[in-house]
Amino acid sequence: VGSGTGYSVNEILGMIKEVAGEFRLIREKPRKFDVPRSVLDIGRLRSFIDFKPTDIMTGIRNTFAWLSRKRPV
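What counts, and where the lines are drawn
- Residues numbered from 1 in each chain as written.
- Predicted model: local features only at pLDDT ≥ 70, side-chain atom pairs only at ≥ 80, totals over all residues.
- Heavy atoms only, no water.
- Helix = DSSP H or I, 4+ residues; strand = E, 2+ residues; numbered from the N terminus.
- Rg over C-alpha atoms; globule rule 2.2 N^0.38 Å.
- Buried < 20%, exposed > 50% of the residue type's maximum accessible area, 1.4 Å probe, protein only.
- Contact = heavy atoms within 4.5 Å.
- Salt bridge = Lys/Arg side-chain N within 4 Å of Asp/Glu carboxyl O.

Caption draft 1: Representation of the overall build of the protein chain. Scanning the protein chain from terminus to terminus reveals 3 helices and 0 strands. Listing each helix as α and each strand as β along the protein chain from the N terminus yields α-α-α. The globule rule puts the C-alpha radius of gyration for 73 residues at 11 Å, and the 15 Å found for the protein chain is more than 25% above it. Overall size of the protein chain, expressed as C-alpha extent along the three principal axes, is 40 × 35 × 20 Å. Here the protein chain holds 73 residues, and the buried ones make up 11% of them. When contacts within the protein chain are restricted to residue pairs at least 6 apart in sequence, those whose partners lie at least 24 apart make up 78%.

Structure below.
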């Protein structure tokens, strides 16, 4: 499920860095089929239920916290 808002890979990486701190990133040249942005239309879902997507920063923070708890000791 999407949110109806699109983000580039660079925007998402910037948000992840805000939450997780700096990390090494290896950039590759874009491939012909890479999509710079993807936006999922959630209009139909909203026509069935009262769907309020989690904002992306909250989702990234929650995912990082969950992964941090699941990390083996």
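Caption draft 2: Expanded view of the pattern of salt bridges. Applying the stated criterion across every chain, the model contains 3 salt bridges. For D34, the salt bridge identified is with R31, shortest N-O distance 2.8 Å. Of the charged contacts in the structure, one is a salt bridge between D50 and K52, with a shortest N-O distance of 2.9 Å. When its relative accessible area of 66% is taken as the criterion, D50 is described as exposed. Classification of K52 by relative accessible area gives exposed; the value is 64%.

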